[in-house]
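Analysis of the macromolecular model
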Amino acid sequence: MKPLAHLGAPPRWTAREGRVYVRGVFISAPFFQSDFMTDQGSSSVLRRYADAARESGQLALAEPDGKAILAAASIAVPQGVFVTDLQTIDEDCAGLHFPVAVKGVSPRLIHKSDAGAVRLGLSDVDAVRRACIAMRDAVGELDGFLVEEMAPPGHEVIVGGIIDPQFGPVIMVGLGGVFVEVFADVAFRICPIERSDAVAMLDDLRAAPLLDGARGGVVASRDAIIDVLLRVGGLDGLLYREQAEIAELDINPLIVSESGAVAADARIVLRKTPSVATKTNHIGDDIRDLFRPLFEPRNIAVIGASATRRTRSNTVIDQILRYGFDRSKLYPIHPTAPEIDGLPAYASLQDTPEPVDYAYVAIPAAGVPELLAQAKGRLRIAHVTSSGFAEFGRSELQEELVRAARGAGARVIGPNCNGGHSPRGKLTFCYDGLPDEGSVGIILQSGGLGIDTIRRGNNRGLRFSGVMTVGNCADVGVADLLEFYLDDPATRVIGLYLEGAPEGRRMFEMLRRRKPGKPVVILKGGRSARGRDAAVSHTGTLAGDDRIWDALCQQTGAVLATSLDDFIDKLLALQSVTPRTENPTKRAMLLGNGGGTSVLGVDAFARVGIDVAPFGAKTIEKLGAMGLDAGAAYGNPVDLPQPVLVAREGRDTEAILRTIFTHEDPQVVVLHINLAVVMSLAGGADDPLTHLLDAAVRVKSDFPGKAHFVLVLRSDGNLAFEETRNRYRLRALEHGIPTYDELPAASSAVAAIARHERYLKDSYDRDGHHP
């Protein structure tokens, strides 16, 4: 046997008489000495082991079995033997190089170290024999003992993988050993990964400097870790290729030295039955043609309105008419009423003057399938807002709904939602939503948040290309509408509120291969730790929703939001600014009144990775030479007392900005104003906010592309100041300047801009060109 120290080629795990033990079956070693990187290498090995394991009723493979599979995938494992009879231990260990490790092997042992079934650094065969006897006495009946040469000194790393029900194969790397779940210093990515993903995963680790030999420590070969990550989670990697067989996989620890990496322990858990990978192609229709009736309906049917009382459907009729939709193309559907709200009513979808593009449906759940079945080819899209389907355990009724719609040639959005909002199509379900057309496309798995997003977003400056609530996604799903928005010329920014992702894999693949120009913001409900109690691997325990959504965003450039307000704030920033692709945002300057506010602002920006760096001495000297109020501070943040801020109709503030723009590279200017101070001390009919905003706009215009501008208007809750803020919020938006209520909200929004710019730059650099 080749000693482990010679890492020129991956050492292969072998057993007594040149055979490998697998759950009571021996497989000849030459089986592993074929070309391990061909389809008949690791795949054939895994299936031989998987078949034997399932026959024995054990889905968690024993360590020798797992290491044989890793070896077949060209991942280095220690030289070792599997000992079942202590009488032959001298013969079994004859070819090993001491010192060695001994591990007890049994399907009952999930974490061997905790059970006392591991002994390290044994110097000879007698020490091995004594360790085996002591282990058997302490632990009980064992299948046998794995005796392996000790790995060279190095860092303990974990590489693992799971098959996530939403996204498929997911890979993890982090600091390994027995405390992996305590420190939880790990990074995830959705497979297949590329080398750049593996590099980024290592950079994500808090302890990454330790791998590089911090404070004189051992250096770990990053290339060796990356190689293992790709052999597990790459396009040809074990986990990605064998996702139909494998449920969970742990290599812990992977011992990594400067010269290489070796899998000191391995655990592979199989699926109960092999699965069949599902296809992730889109629904097959021309996506713009499919959803044109939703976003730009030629006519609309409203089902559920009453001639005798006010219902939700009656309110929707009012709202659609208020948006200016053609009255002659709006069809209330009612079995008996001749007229509803001054409009002619029709008994069924068969009776309308022309086939219907879009139907808003709000009747009791039991009646919906029959209603849609009666359309018989005269309906394109039904937005079923009714509840009482799968969310109440009535899955059969929901399936009947989809069958009825498909039989009638229609597609269904919902059920259990609130409807759709499309200003370009003069369609809405939301009272007081603005009819202004915009560029932000939203998909929400919550009807109530749809209303909040429209109203709150409109008030803060968002203008929509569409807001669609999708509820149970019985037919048309989030991924279908995402595909539309990605293709839609009217949509420049996309927002998703998700509580689940049954088509997560398809969504991930669409986001990853999309053209990088459209930013995507995701607000994920239910991201708190949910503990996978059924998991038996470290990876399964650590792979909560939160980490996998973080991974999705790392790989696709999407931006995660933490709350509805944060969601709107980030969408507003990305709607308002033009990203810089060659010089992503890293720095900001703060200018305003309030020293304490500025200090807290610096902290807020630092938390999101944006540096509020002090200006150079030359800049500070020139600012000081302007002879302004002695109470002003110019070091960044620039703290200006109210008299300086508003002096000479904002010309002094403009001069400060011009000086900074001439001598510094601020990248983002955050102008923060305490409304209570500035407005109450203004006096007379003077309008200091207009002057300050005009000054900012002039500088922005004279230094095009040099810096983004963000306005923060802070209020004490006084109604007059709130009205002032809302008024100036809209005026600033006309000049591409988003406005926020507080500096932490502004910092989060600027971080979203910076993230999108980095993603654009990385994408264009990878493709070899910039637009």
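Structure's up top.
Here we summarise the structure given alongside this text. Not measured: the values here are computed from a predicted model.

**Observations regarding unusual backbone geometry**
Note that the residue after N252, namely P253, is joined by a cis bond; omega there is 5°. Mapped onto the elements of the fold, P253 is located in strand β10 (residues 246-256). The linkage connecting G414 with the following residue, P415, adopts the cis geometry, with an omega of -5°. As for its position among the elements, P415 is in the loop between β19 (411-413) and β20 (420-421). For S74, which is not glycine, the phi torsion reads 65° and is therefore positive. By the element assignment, S74 lies in the loop between α2 (63-72) and β3 (80-83). Positive phi outside glycine occurs at D341, with the angle close to 50°. Within the secondary structure layout, D341 lies in the loop between β15 (339-340) and β16 (343-344).

**Describing helix α6 (residues 195-204)**
Residues D197, A198, M201 and L202 constitute the buried set of α6. Viewed end-on, α6 has its buried residues packed into an arc of 135°, placing them on one side of the element.

**Some words on the pairing of strand β17 (residues 356-361)**
Counted residue by residue, β17 has six buried out of six residues, so it is predominantly covered. Bridging between strand β13 (residues 300-303) and β17 involves four bridges; their strand directions are parallel. Across the sheet, I300 pairs through a bridge with Y358, a residue of β17. Alignment of β17 against strand β18 (residues 379-384), held across five bridges, turns out to be parallel. Its bridge partner lying in β18, Y360 is registered against H383. In this fold, the crossover linking β17 to β18 by way of helix α12 (residues 368-373) has right-handed handedness.

**Structural notes on the sheet that holds strand β24 (residues 520-524)**
Consider a sheet: its strands pair through backbone hydrogen bonds, and that pairing is either parallel or antiparallel. With mixed pairing, six strands are arranged side by side in an open sheet as β20-β22-β21-β23-β24-β25. Both outer strands of the open sheet, β20 and β25 (559-561), are each paired with one neighbouring strand and no more. Sheet topology note: the β20/strand β22 (residues 464-469) ladder contains two bridges and is antiparallel. Across the sheet, the residue bridging to G420 is M468, located in β22. Packed onto the sheet, helix α19 (residues 564-576) meets β21 (437-444), β23 (493-498), β24 and β25 and runs at close to 165° relative to β23.

**As for a nonpolar patch on the surface**
Together, V178, F179, V182 and F183 give the surface a local cluster of nonpolar side chains, amounting to about 450 Å² of exposed area. By secondary structure assignment, the location of F183 is in helix α5 (residues 180-183). Here F183 falls in the exposed class, since its relative accessible area comes to 54%.

**Quick word on the sheet that holds strand β29 (residues 708-714)**
Strand order in this open sheet of five strands is β27-β26-β28-β29-β30, and the pairing throughout is parallel. Looking at the sheet topology across the chains shown, the edges are occupied by β27 (638-639) and β30 (739-740). Of the strand pairs in this sheet, β29 and β30 are connected by two bridges, and their pairing is parallel. Considered in β30, the bridge of V712 is made with Y740. Helix-sheet contacts for helix α26 (residues 743-767) involve β28 (668-674), β29 and β30, and the interaxial angle to β29 is about 160°.

**Examining the packing of aromatic side chains**
Per the stated rule, a full pass over the model turns up eight aromatic pairs. For the pair F295 and Y485, a centre-to-centre distance of 5.6 Å together with 70° between the ring planes defines the contact as edge-to-face. Note that F295 is positioned in helix α10 (residues 287-295) and Y485 in helix α15 (residues 478-487), a separation of 190 residues in sequence. Take F295 and Y485: they sit in the same class, and that class is buried. Taking the centre distance of 5.5 Å and the plane angle of 80° together, the rings of Y331 and Y346 count as edge-to-face. With Y331 in strand β14 (residues 330-333) and Y346 in the loop between β16 and β17, the pair connects residues that are 15 residues apart, well separated along the chain. Of the two residues examined, Y331 and Y346, each falls in the buried class. Put simply, the rings of F291, F295, F484 and Y485 pair up and form one aromatic cluster.

**Digging into the packing of α19 against α26**
Contact geometry for α19 and α26: axes closest at 8 Å, N-to-C directions at 55°. Considering their axes alone, α19 and α26 lie oblique with respect to each other. As for the relative orientation of α19 and α26, their crossing is right-handed in sense. Seen from α19, the contacting residues are D566, D569, K570, A573 and L574; seen from α26, they are A745, S748, A749, A752, I753 and H756. Residues that form the contact of α19 with α26 fall into these classes: six nonpolar, two polar and three charged.

**Considering empty space enclosed by the protein**
Within this structure, the stated rule accounts for one cavity of 30 Å³ or more. Together, L671, I673, L689, L692, L693, A696, F709, V710, L711, L713, Y728 and I737 line the largest cavity. When residues of the lining of the largest cavity are traced back to their parent elements, those giving at least two are β28, α24 (688-702) and β29. Looking at the lining of the largest cavity, its residues break down into twelve nonpolar, no polar and no charged.

What counts and what doesn't
Residues numbered from 1 in each chain as written. Predicted model: local features only at pLDDT ≥ 70, side-chain atom pairs only at ≥ 80, totals over all residues. Heavy atoms only, no water. Helix = DSSP H or I, 4+ residues; strand = E, 2+ residues; numbered from the N terminus. Buried < 20%, exposed > 50% of the residue type's maximum accessible area, 1.4 Å probe, protein only. Arc of directions from axis to C-beta. Pairing = 2+ DSSP bridges. Right-handed = clockwise from strand over helix to strand, strands pointing away. Contact = heavy atoms within 4.5 Å. Axes fitted to C-alpha atoms, helices over the stretch in contact; angles between N-to-C directions. Patch = residues over 30% accessible without salt bridge, like charges linked within 9 Å, V, L, I, M, F, W, Y side chains within 5 Å. Areas by Shrake-Rupley, 256 points an atom, 1.4 Å probe, with all protein chains shown as cover. Salt bridge = Lys/Arg side-chain N within 4 Å of Asp/Glu carboxyl O. Phe/Tyr/Trp six-rings, centres within 6.5 Å; stacked < 30°, edge-to-face > 60°. Parallel < 35°, antiparallel > 145°, perpendicular 65-115°, else oblique. Left-handed = near helix turned anticlockwise from the far one by under 90°. Nonpolar A, V, L, I, M, F, W, Y, C, P; charged D, E, K, R; others polar. 1 Å grid on protein atoms, 1.4 Å probe; cavity = no way out; pocket = protein on both sides within 12 Å on 5 of 7 lines; lining within 4 Å. Points joined across faces, edges and corners; volume = space filled by probe spheres on them.

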